[in-house]
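# Structural features, examined
Residue strings, one per chain:
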Amino acid sequence: MFVLVEMVDTVRIPPWQFERKLNDSIAEELNKKLANKVVYNVGLCICLFDITKLEDAYVFPGDGASHTKVHFRYVVFHPFLDEILIGKIKGCSPEGVHVSLGFFDDILLPPESLQQPAKFDEAEQVWVWEYETEEGAHDLYMDTGEEIRFRVVDESFVDTSPTGPSSAEAASSSEELPKKEAPYTLVGSISEPGLGLLSWWTSS
């Protein structure tokens, strides 16, 4: 679920921080820049693990700050495909079941990846597994707040860096705001035994 990623960046330290230890100032600046941010095709950055190498620091004309090229390792949330995770149901919609891990919310279990047969209850706004038994079908509801075990089956990165408006967008921008896309999304599945709500598989 968490991986160490080697990165390289140039860190600017302003003059009023020169009295501090260089490593402390660099660590603070790296965490300001990266913590809780999604790096495209890398994952969600959590925190600095360690600094592996500091190159020479430079002061450029007209800028009293020092600029240091830093090699470091960062803790990143990036589960591998087929990894099994446990989260909580954040809500349900016709698109599927939305799951949160507490620090990461952009997880979707689409309808075709649920235990089958499944149906969406419009009145309750929840997905229901119509579990077949010898006595007939039992409706097992996927309620908000329930813990759920799922398998990661796909991921999606979207480049959300700002771009200039195109002529077509400029004409319609006053009428509707573009839908904000999540920069990093996971797609999960519970369509196999042992997956789904933890309460389904625990003995009473």
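See above for the structure.
The following refers to the structure shown. Everything numeric in this text was worked out from a predicted model, so none of it was measured. (Residues numbered from 1 in each chain as written. Predicted model: local features only at pLDDT ≥ 70, side-chain atom pairs only at ≥ 80, totals over all residues. Heavy atoms only, no water.)

## Some remarks on the side chain of Glu83
Note on placement: Glu83 falls in the loop between strand S4 (66-77) and strand S5 (84-93). Arg151 provides the closest opposite charge to the buried, salt-bridge-free Glu83, at an N-O distance of 9.8 Å. The contact partners of Glu83, leaving out residues within four places of it in the chain, are Met1, Phe150, Arg151 and Val152. (Helix = DSSP H or I, 4+ residues; strand = E, 2+ residues; numbered from the N terminus. Buried < 20%, exposed > 50% of the residue type's maximum accessible area, 1.4 Å probe, protein only. Lys, Arg positive; Asp, Glu negative; His and termini not counted. Salt bridge = Lys/Arg side-chain N within 4 Å of Asp/Glu carboxyl O. Contact = heavy atoms within 4.5 Å.)

## Things to note about the nonpolar core
Nonpolar side chains in soluble globular proteins generally cluster together in the buried interior. Judged by nonpolar contacts, the single largest core of 26 residues is most densely connected at Val97, Leu109, Met142, Phe150 and Ile190. Every element with two or more residues in this core is listed here: S5, strand S6 (96-100), strand S7 (107-109), strand S9 (126-133), strand S11 (147-157) and strand S12 (184-189). With 15 residues, the next largest nonpolar core counts Val11, Ile13, Leu34 and Val42 among its residues. (Core = buried A, V, L, I, M, F, W, Y, C linked by side-chain atoms within 4.5 Å.)

## Digging into the environment of Ser156
If you trace the backbone, Ser156 turns up in strand S11. Once the C-alpha coordinates of Ser156 and Thr185 are considered, the two residues, 29 residues apart in sequence, prove to be 5.1 Å apart. What Ser156 contacts, discounting residues up to four positions off in sequence, is Pro183, Tyr184 and Thr185.

## Brief notes about the environment of Trp201
Within the secondary structure, Trp201 sits in helix H3 (residues 198-201). Take Trp201: its relative accessible area is 39%, and that puts it in the partly exposed class. Other than its neighbours up to four places away in sequence, Trp201 contacts Gln115, Trp129, Arg149, Pro193, Gly194, Leu195 and Gly196.

## Description of the pattern of salt bridges
Per the counting criterion, the structure on display carries seven salt bridges. In this structure, Asp63 engages Arg12 in a salt bridge whose closest nitrogen and oxygen atoms are separated by 3.0 Å. Within this pair, whereas Asp63 is found in the loop between strand S3 (43-59) and S4, its partner Arg12 is found in strand S1 (residues 2-13), the two being separated by 51 residues in sequence. Between Glu29 and Lys32 there is a salt bridge, with the nearest N and O atoms lying 3.7 Å from each other.

This is a description of form; function is not addressed.
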